[in-house]
Amino acid sequence: MSLWVDKYRPKSLDQLNYHGTITQNLKALSKSGDFPHLLIYGPSGAGKKTRIYATLNEIFGTSVEKLKIDVKTFVTSSNRKLEFNVLSSPYHLEITPSDMGNNDRVVIQDLLKDVASTEQVDFTASTKQVKHRFKIVVINEAESLSRDAQAALRRTMEKYSSNIRLILVCNSISNIIPPIKSRTLLVRIPSPTVGEINGVLMNIVTKEGLKFTNNSEEQIVTFLNKVAESSNRNLRRALLAFETIAMQTDVINNANNSQQLSVITLDWEAIIKNIAQTIRTSRTVATLAKIRVTFYELLSHCIPARVILKTLLFNLIAGYNSTITSQLVNVGATFDERLSLGQKSIFHLEGFVAKAMVVLENNQ
């Protein structure tokens, strides 16, 4: 039994029901015969990977769904062996070089060079119509690549462009070097609107046969809009939250009124909201020590440090005037950069809290 987010994931471009203009452009590119390097960016949960795999399906067919995981071994200049997981099909590879930290350049140089130096030949038609085909490499979290890795990536794009096509995926292009931007076609995938998420959820309600007892259609739409808004227009999160509501309780099938339908609140978000409230009311060394323990707990539960920082900042600036808000945002930007450069996330998170306390104390 699969989650709804996977069960109802569109497999082809024709099945996508929002951002129609982007879908048509990707379909035209896949049929053009001259597929370019792509840089696809947008917020989390907007459907970037779904559109990528739907485009691969358009180019190569259903064979791209036959995935396997290979473990590649790389050797650094200091003779240190690194193991790296590669998700692949006969026609594409999917990698996340940033998982290797500062050794991401080794992965880019060795793996892409190995793939790009091998020509792909298509025998599907006949021996008289054998044609040269490229292999696609999907690179996740491209904005987290080091400068050396991006420089190596640029050289690979120039030298082996006839054998491979790169699809870079990221949330923001601010950390992508200009030479890579100039060699790729930029495609922005914006977050779906509340109405579009509502449409996806209503489609699942129909397919799953869910019934909202004693609730009018207007109340159902209102509730689905509430789910979409609480997910910050993140479609993946909206689907997971909606499935949790449907599976954990009998609210949907046995609700007497719409007031019983409540939206799921994530524990880690509630914890960060409490941290922000604590910083507002108690700015002491003892408070800082308690917050450090909470940060350790969040990090140990695999909540990314940058997500913690961003969520804490947004909760912290709520209710303050523009002067304090701008100062807190500047502090947040400083420590966000330090998170990308440093090694110990806890130091920079704690540093942000300490500096935020100073800012609030000085503006009392």
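See the structure printed just above.
Note that the structure is predicted; figures quoted are calculated from it, not measured.

Moving on, we get to the packing of aromatic side chains. Under the definition given, this model contains 5 aromatic pairs. On the basis of an interplanar angle of 50° and a centroid distance of 5.9 Å, the ring pair of tryptophan 4 and phenylalanine 242 is categorised as tilted. Residue tryptophan 4 is found in helix 1 (residues 4–7), and its partner phenylalanine 242 is found in helix 9 (residues 235–248); the two are separated by 238 residues along the sequence. The burial state of tryptophan 4 is the same as that of phenylalanine 242; both residues are buried. Consider the rings of phenylalanine 335 and phenylalanine 352, whose centres lie 6.5 Å apart with planes at 70°: the pair is edge-to-face. Of this pair, phenylalanine 335 sits in helix 14 (residues 322–341) while phenylalanine 352 sits in helix 15 (residues 345–362), and the two are 17 residues apart along the sequence. Like phenylalanine 352, phenylalanine 335 is buried. The ring of tyrosine 18 carries the charged tip of arginine 51 above its face, separated from the ring centre by 4.9 Å. Lying across the ring of phenylalanine 335, arginine 338 places its NZ or CZ 4.8 Å from the centre.

As a packed pair, helix 13 (residues 305–317) and helix 15 sit with axes 10 Å apart at the nearest point and diverge in direction by 15°. On the basis of the axis angle, helix 13 is roughly parallel to helix 15. The handedness of the crossing between helix 13 and helix 15 is right-handed. On helix 15, the residues touching Ala305, Ile308, Leu309, Leu312, Leu313 and Leu316 of helix 13 are Ser345, Leu349, Phe352, Val353, Ala356 and Leu360. Along the lines of polarity and charge, the residues of the contact of helix 13 with helix 15 split into 11 nonpolar, 1 polar and no charged.

Let us look at helix 14. Compared with the 28 Å implied by 1.5 Å per residue over 20 residues, the 29 Å span of helix 14 between its first and last C-alpha is a close match. Buried within helix 14 we find Ile324, Thr325, Leu328, Val331, Gly332, Phe335 and Leu339. Considered in projection along helix 14, the buried side chains sweep an arc of 130° and stay on one side of the axis. In this structure, helix 14 carries Ser322, Asn330 and Leu341 as exposed residues pointing more than 90 degrees from its buried face. At its buried positions, helix 14 is contacted by helix 13 and helix 15. Where helix 14 begins, one side-chain oxygen reaches toward the backbone nitrogen of threonine 323, 3.2 Å away; that side chain belongs to asparagine 321.

We now examine the sheet that holds strand 4 (residues 92–95). The 7 strands lie next to each other as 2-3-4-7-8-1-9, forming an open sheet whose pairing is mixed. Edge positions in the open sheet fall to strand 2 (68–75) and strand 9 (185–188), since each of these has one partner strand only. Across the sheet, the mean angle separating the axes of adjacent strands is 25° when strand polarity is ignored. Note: strand 3 (residues 81–88) against strand 4, 2 bridges, orientation antiparallel. Residue pairing in the sheet places leucine 87 in a bridge with glutamate 94 of strand 4. On top of the sheet, helix 3 (residues 48–60) reaches strand 1 (38–41), strand 3, strand 4, strand 7 (135–139) and strand 8 (164–170); it is set at about 160° to strand 8, its chief contact. Those strands touched by helix 4 (residues 104–116) are strand 2, strand 3, strand 4, strand 7 and strand 8, and its axis lies near 120° from that of strand 2.

Positionally, glutamate 350 belongs in helix 15. Relative accessible area serves as the criterion here: at 15%, glutamate 350 is assigned to the buried category. One polar contact links glutamate 350 to arginine 292, side chain to side chain, over a distance of 2.7 Å.

Rules used in this analysis
- The numbering scheme is per chain: residues are counted from 1 as the chain's sequence reads.
- Reporting in this predicted model follows two pLDDT cut-offs: at least 70 for local features of residues, and 80 or more for side-chain atom pairs to be given and counted; totals over whole chains, interfaces and linings ignore these cut-offs and use all residues.
- Computation of side-chain values: all heavy atoms of the structure, hydrogens and water removed.
- In summary, the pairing rule links any two rings of Phe, Tyr or Trp, Trp by its six-membered ring, whose centres are within 6.5 Å, and it sorts them by plane angle into stacked for under 30 degrees, edge-to-face for over 60 and tilted for everything else.
- Secondary structure elements are taken from DSSP: a helix is a run of H or I of four residues or more, a strand is a run of E of two residues or more, and numbering for both begins at the N terminus.
- Whether a residue is buried, partly exposed or exposed follows from its accessible area with a 1.4 Å probe, protein chains only, as a fraction of its type maximum: under 20%, in between, or over 50%, in that order.
- Counted as over-ring charges are cases with an Arg CZ or a Lys NZ within 6 Å of the ring centre that also lie within 35 degrees of the ring normal.
- Angles shown run from 0 to 180 degrees and are taken between the N-to-C directions of axes, each axis being a line fitted to C-alpha atoms and, for helices, limited to the stretch in contact.
- An angle counts as roughly parallel when it lies under 35 degrees, as roughly antiparallel when it exceeds 145, as roughly perpendicular when it falls between 65 and 115, and as oblique in every other case.
- Each crossing is labelled by how the near helix is turned from the far one, with a counterclockwise turn of less than a right angle marking it left-handed and a clockwise turn marking it right-handed.
- By definition, residues are in contact when any of their heavy atoms lie within 4.5 Å.
- Gly falls in the polar group here, along with every residue not listed as nonpolar (Ala, Val, Leu, Ile, Met, Phe, Trp, Tyr, Cys, Pro) or charged (Asp, Glu, Lys, Arg).
- Expected span of a helix, by definition, is 1.5 Å for each gap between consecutive residues, and there is one gap fewer than residues.
- The arc in question is formed by the directions pointing from the helix axis toward the C-beta atoms.
- Definition of a polar contact: a pair of N or O atoms within 3.5 Å, with one able to donate and the other able to accept a hydrogen when the atoms are protein atoms, and with sequence-neighbouring residues admitted only if both atoms are side-chain atoms.
- DSSP bridges decide pairing: two strands pair if at least two such bridges lie between them.

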